[in-house]
Each structure stands twice: as C-alpha cells, then as structure tokens.
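Structural characterization, general
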Amino acid sequence: MTRAGSEQALAVYQQLRARPEAGFDEVADRLELTADERDRCRRELAALGLTAAPDAAAPAPLRPVVVDPDVALLGLLRRERDRLQDRLAAASRAHTALEALAGPFLRAGTAPRSEVEVEIVTDPQRVLRELAELTGSVRTAVHVMHTGSVRREDMTAELERDRSRAARGVRVRAMYSRRVGTVPEMTQHLADRAALGVELRLSSVVPMNMVLADENFALLPTDPHDPDSPAILARGPGLVRSYLALYEYCWQAAARYGEEPGEPGGDGLSDQQRAALHMLASGIKDEQIARSLGVSLRTVSRLLSEVMQELGAASRFEAGVKAARLGLLDGEGPEPVS
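Everything numeric in this text was worked out from a predicted model, so none of it was measured.

**Side note on the environment of T156**
- By the secondary structure assignment, T156 is in helix α6 (residues 152-167).
- Put simply, T156 and H189 are 33 residues apart on the chain and 9.1 Å apart in space, counted from C-alpha to C-alpha.

**Let's talk about a nonpolar patch on the surface**
- A cluster of nonpolar side chains, namely L73, L74 and L77, defines an oily patch on the protein surface of about 310 Å² accessible area.
- Structurally, L73 is set in helix α4 (residues 69-108).

**Things to note about the packing of helix α9 (residues 271-281) against helix α10 (residues 286-293)**
- It is at 10 Å that the axes of α9 and α10 come closest, and there the two elements cross at 145 degrees. At the point where α9 passes α10, the crossing takes the right-handed sense. In contact with Q272, A275, A276, M279 and L280 of α9, α10 contributes I289, S292 and L293.
- The residue makeup of the contact of α9 with α10, split by class, is six nonpolar, two polar and no charged.

**Describing the environment of M208**
- By the element assignment, M208 lies in the loop between β6 (199-203) and β7 (210-213).
- Considered as a pair, M208 and T222 are 14 residues apart in the sequence and their alpha carbons are 9.8 Å apart.
- Every residue in contact with M208, bar those within four places of it in the chain, is listed here: M145, T147, L220, P221, P224 and L246.

**A short note on α6**
- A rise of 1.5 Å per residue sets the reference length of α6, with its 16 residues, at 22 Å; its end C-alpha atoms lie 24 Å apart and thus fit the reference within 8%.
- All of the buried residues in α6 are M155, E158, L159, D162 and R165. One side of α6 carries all its buried residues, which in axial view fall inside an arc of 125 degrees. Facing away from the buried side of α6, by more than 90 degrees, are the exposed residues E153, T156 and A167.

**Examining α9**
- Buried residues of α9: Q273, R274, A275, A276, L277, M279 and L280, and no others.
- Those residues of α9 that are buried lie in contact with α10, α11 (297-311) and α12 (316-325).
- Just past α9, the residue G283 takes up positive phi, approximately 85 degrees.

**Side note on the layout of surface pockets**
- Put simply, the largest pocket is a space of about 1,300 Å³.
- Around the largest pocket, the lining is made up of 41 residues, and of these V127, L131, H146, N209 and P227 lie nearest the centre.
- Within the residue set of the lining of the largest pocket, elements represented by two or more residues are α5 (124-137), β4 (141-146), α6, β7, β8 (217-221) and α10.
- Residues that form the lining of the largest pocket fall into these classes: 21 nonpolar, nine polar and 11 charged.

**Remarks on the nonpolar core**
- M145, M175, M210, L212, A218 and Y247 are the most contacted members of the largest nonpolar core, which totals 16 residues.
- For this core, the leading source of residues is helix α8 (residues 237-253), giving six residues.
- Beyond its immediate stretch of four places on either side in the chain, A218 contacts V211, L212, I232, L233, A234, V240 and Y243.

**What about the side chain of S203?**
- Among the structural elements, S203 can be located in strand β6.
- The buried category is assigned to S203, whose relative accessible area is 8%.
- Those residues within four positions of S203 in sequence are excluded, and the remaining contacts are Y176, S177, R178 and A254.

**Details of the pattern of salt bridges**
- For the structure on display, the rule yields 23 salt bridges.
- Of the charged contacts, one joins R152 and E185 as a salt bridge, the two residues approaching to 2.9 Å between their closest N and O atoms. With R152 in helix α6 and E185 in helix α7 (residues 184-195), this pair connects stretches of sequence that are 33 residues apart.
- With relative accessibility at 60%, the residue R152 sits in the exposed group.
- Residue E185 is classed as partly exposed on the basis of its relative accessible area of 36%.
- We note a salt bridge from E248 to R173, for which the minimum N-O separation is 2.6 Å. With a gap of 75 residues between them, E248 in helix α8 and R173 in strand β5 (residues 171-177) connect regions that are remote in the sequence.
- Take R173: its relative accessible area is 3%, and that puts it in the buried class.
- The network of salt bridges with common partners includes D25, D29, R38 and R42.

**Description of the pairing of β6**
- Summarising burial for β6: four of the five residues are buried, a large majority.
- Both β5 and β6 contribute to a ladder of five bridges, which runs parallel. Within the sheet, the bridge partner assigned to M175 lies in β6 and is R201.
- Between β5 and its parallel partner β6, the chain crosses via α7, and the hand of that crossover is right-handed.
- Bridging between β6 and strand β10 (residues 255-256) involves two bridges; their strand directions are antiparallel. By the bridge assignment for β10, R201 is matched with R256.

The rules behind these values
Counting restarts for each chain: residues are numbered from 1 in the order of the written sequence. Residue-level local features of this predicted model are given only where pLDDT is at least 70; pairs of side-chain atoms are given and counted only at 80 or more, and the full residue set underlies all totals for whole chains, interfaces and linings. The side-chain figures draw on all heavy atoms in the structure; neither hydrogens nor water molecules are used. Helix numbers and strand numbers start at the N terminus; a helix is a DSSP run of H or I with at least 4 residues, a strand a run of E with at least 2. Only residues above 30% relative accessible area that lack a salt bridge enter a patch, with like-charged residues linked at up to 9 Å and the nonpolar side chains Val, Leu, Ile, Met, Phe, Trp and Tyr linked at up to 5 Å. Each accessible area value is a Shrake-Rupley result obtained with a 1.4 Å probe; residue values ignore everything except the protein chains displayed when judging cover. What counts as a salt bridge is simple: a side-chain nitrogen of Lys or Arg found within 4 Å of a carboxyl oxygen of Asp or Glu. With axes taken as lines fitted to C-alpha atoms, and helix axes fitted only over the stretch in contact, angles between N-to-C directions fall between 0 and 180 degrees. Crossing handedness is defined as follows: a turn of the near helix away from the far one that is anticlockwise and smaller than a right angle gives a left-handed crossing, while the clockwise case is right-handed. Residues are treated as being in contact if the distance between any of their heavy atoms lies within 4.5 Å. In this classification, Asp, Glu, Lys and Arg are treated as charged, Ala, Val, Leu, Ile, Met, Phe, Trp, Tyr, Cys and Pro as nonpolar, and every other residue, Gly included, as polar. For a helix, the expected span equals 1.5 Å multiplied by the number of residues minus one. Classification of residues uses two cut-offs on accessible area relative to the type maximum, computed with a 1.4 Å probe and protein chains only: under 20% is buried, over 50% is exposed, and between them is partly exposed. Think of it as the arc spanned by the lines of direction from the helix axis to the C-beta atoms. Lining residues are those with an atom within 4 Å of a point, where the points come from a 1 Å grid over the protein atoms alone and group into cavities, where a 1.4 Å probe fits but cannot get out, or pockets, open sets with protein on both sides within 12 Å along at least five of seven lines. Grid points are joined across faces, edges and corners, and a volume is the space filled by probe spheres set on the points. Here, the term nonpolar core denotes a set of buried Ala, Val, Leu, Ile, Met, Phe, Trp, Tyr and Cys residues that are joined through side-chain atoms within 4.5 Å. When DSSP finds at least two bridges between two strands, those strands are taken to pair. Convention used here: a crossover is right-handed provided that the path from the first strand, over the helix, to the second strand proceeds clockwise when the strands point away from the viewer.

Shown next, in the form of structure tokens:
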C-alpha cells in the first residue's frame, strides 16, 4: 500500500513495535520506502520521541529503541515545559531591562526631535493653512524674510498674527528689501508692525522669501528667484538651524528700521555696491543681480564699473580676486550706522 508523510512514519513505528528484533532499515525495506522517505520517517519518529538513539555499542544495522506512546507523550510535554520556562525567563530579563531603560528614554522623548522632515507643497492654500497653524503653535520666535511688498489684502491678517504673538511673548523679526520703503502703503504697514513690537530691518539684498519658527519649522520657495514656485516645508532642527544661520547673516548685514542706509565705508563701497560685489563673486548673472537689487541692468553695469574703479581692477574677475584678498567677501561688513 502506498502511504505518504506521517502515515509512513506510523507504519514504520507499528512494524518496529510488532517486531522489536527488526532494525529500521529492515522495516523500511519491507515497506518499500525510498531513501528520502526513510530519512523523513526517521526524523519524524525521533522528533516525536517515539524512537531513541540505540546504544553506541550496538552492532550495525543499528536498531533504534522503540518508546511507548505514553512515555513519548510525557517526554514531549516535559520538553515543551522546559522551552516555555526558558522563554518566560528570557521575557523576564527583557522586562527588567526595559524597566531600567524606560525612564531615560521617556525623558529623552521630551527633547526636540532631531529627525528632519521635508516636503514640497504645490497648493497655495496648504501654505496659508500651515502659516495659520504656525501662528497658534509657535512658542519662542518667528523670523521672516520678504523680497517684496506684502499684498494689501494680507496686511490686516499679518497685523493680527503680530498681536497674537506679542500677547504670548513670541519674538518676531521681519526683514524687507529696502525698496519697499518707497511704497506708501508699505511705509504705513511697517510702522504698524513696529508699533506692535516686531523687530524690523531693511536690506539692499533679501535672497528669498522665508519663514522660520522655533528652530523647528521652515517655509521657503524651491526657486528663490520665483516667489510663486512650490514651497519647501521643512521640520526638524537639524535642517532648520542651517536656514537660521543664513537668516542671522542677512539680519546682521541689514539696517535697523528707521535708520538711513549706511554711507560708504572705509573701503569706499556703498551697501548697494557691496551687495553687487558679493553676488558677482558668487557667480550670479547680471539679470539676477538686477532682480535682487530691484534695479535695471544698466544700473547693475554701472555699479560693477564703480566697484572695479574703487578696487583698481581692470576686469570683473580681477575685482573679485582683489575683494577676496581685502576681506570684502568674508561677511565682516561694517556695522549698521546708529
């Protein structure tokens, strides 16, 4: 009769019990088992505890020790009990270790998260929602850059956000391009913001629109030269601190609100000339320099000619080399005039 799997093992076991003097191979031959079937039956009977290894001194062919079913069952139960006890002991050790570590890890969870989350936001309404939620969630400080004027319909909302933040003791800093001072509505808007305690500064160059908060939130455009480009929304101090370092650099180079632009320093360059020189040395094209400064291409050409004349340079490249040698590109510009 053809048998498969456990049926073959059962047939071998029954034959071994019926003929104790027979060896395993003899029984397997009688049942016409293949080599693979013999190995499988041998492993299965041993795993169930129905056969045991013969005495090492027994002659070949080795005769396995046939174990009664009730004895084999007790052996299985004993082994399972031992494995269960080992697992319980391991679980107990793990529980003790977790108890010892729980306190430090829970305390660590109260610290600011170091993970960085970045996403590209293409929906302008989503950007507005993020800014609205930021107003209610910010705890310590907000830092903002504006490359141009604020839209008339947004001015009232911005002042309301300023009042809310001031009431909660949140520091607000805002940096604008100096050319917004020529717009009458913006002049009044800046005065209103300053009256609410917002720290304002004006700069010849504002590299991009930017909103930073609590060293954990950043909102800026994917293209600094296109304010309508999709926005980058970043969370996590690991990245936001880098943006904050850029903001601090620009903030220190800007003039306080209400002060006149600085007169030419000891190097003979005005703020506008210095800004054009920095962008020239960075490889920025004339068109982008003009856009950043809010002037025409002709004015950019004139500014760079004046820089070359002041530095005694015959070319733009030579002007960059001399500026670097004189330390004019290392960010150590003159302090704003008091």
